[in-house]
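Below are the chains, spelled out letter by letter.
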Amino acid sequence: MEQDEIYLIDLWRTLFREWKWFAAVLIVTLACTYAFTHLVKRQWEATAWILIGQVGQVPSGQDQKTEPLQRVLERLQLVPFQNDVLKGIGLSPDSPEAQLYRGSLKLDPLPYAGPLIRLSVRAHSPQQARQFATATVVELHAVHQHFDEVPLKLARARLDEIQADLQSALADRSRLLQILAPENKGDAASKSLASVSLASKDEEIRKLQEARSDLIDRLSPTYTYETSLPWPVYVPDRQAFPNPALMWGIGLLLGIVLGLFAATTRSVARRQA
């Protein structure tokens, strides 16, 4: 403990003697920090949450989602997909903005929340950051919309088929009810056969109505929806880079360390001389 105290006292004495070197290095470091925070291009970060679309009426055993979560994550990181996003907003794939878009794109899967994908991307302005995030979702929506065309077409065709069968069954039941009407003077055998057919027809109508109701529910917005943004894209008012408070803190700490090193080195050189 005594040796440590002596060492600290010696260090303080060295700093006191070579305070000019310490101050000079500290000032230079803070000046570099000031120049860096004012000359470097600023970046803003946009955050978007992507809800993967689904089709409620699909074959048994098939995933209702338009595309599995992991495959969506891989697609968003494909260079051709990112190039299509950039071309959609009028940027060259080789531009500095495009490089920042690719380098800053981060994806955070949320499998138990939809599933959702939290996307963050940076740009040199808040407007462009929001544009990057929105354009990414728009391009993904276009791809998924193409995937959903066939399942939706088949589901709607099935609904039309059920509607036609139900209308035909209702017409047959009306005809059987007319045969069984008291004012109808038909023979007993015809009425007995009509009674048996009516019970079967009622069961058929019930099943068709259940199938129609189930299919309508599955095609409703609750179970069938497109890939979209459940919430608006969020861009904070403050820039993401450089962070002034963080940069000045690092600059001050680095300046103190370098200043102590410079003062100690100068003291050792003076003693050797």
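Preceding this section is the structure that the text describes.
Right, let's walk through the structure included here. Treat the numbers as computed from the prediction; the structure is a model and nothing was measured. (Residues numbered from 1 in each chain as written. Predicted model: local features only at pLDDT ≥ 70, side-chain atom pairs only at ≥ 80, totals over all residues. Heavy atoms only, no water.)

1. A word on the nonpolar core
Then, in step 1: Counting 29 residues, the largest nonpolar core has Ile117 and Val121 as the members making the most contacts within it.
Then, in step 2: Put simply, the parts of the chain that give this core at least two residues each are strand S1 (44-51), helix H3 (69-76), helix H4 (79-88), helix H5 (96-104), strand S3 (116-123) and helix H6 (126-180).
Then, in step 3: With seven residues, H6 is the largest single contributor of residues to this core.
Then, in step 4: Excluding its chain neighbours within four sequence positions, the residues that come into contact with Val121 are Trp44, Glu45, Ala46, Tyr101, Ser104, Leu105, Ala129, Phe132 and Ala133.
Then, in step 5: Counting residues in hydrophobic clusters, the runner-up holds seven residues, among them Leu159, Ile162, Leu166 and Ala169. (Core = buried A, V, L, I, M, F, W, Y, C linked by side-chain atoms within 4.5 Å. Buried < 20%, exposed > 50% of the residue type's maximum accessible area, 1.4 Å probe, protein only. Helix = DSSP H or I, 4+ residues; strand = E, 2+ residues; numbered from the N terminus. Contact = heavy atoms within 4.5 Å.)

2. Focus on H4
Then, in step 1: Among all positions in H4, only Phe81, Gln82, Asn83, Val85 and Leu86 are buried.
Then, in step 2: In this fold, the buried residues of H4 make contact with H3, H5 and H6.
Then, in step 3: Phi for Gly90, located one or two positions after H4, is positive at around 80 degrees.

3. Quick word on unusual backbone geometry
Then, in step 1: The step from Phe241 to Pro242 runs through a cis peptide bond, and the omega angle for that step is -10 degrees.
Then, in step 2: Structurally, Pro242 is set in the loop between helix H7 (188-218) and helix H8 (244-272).

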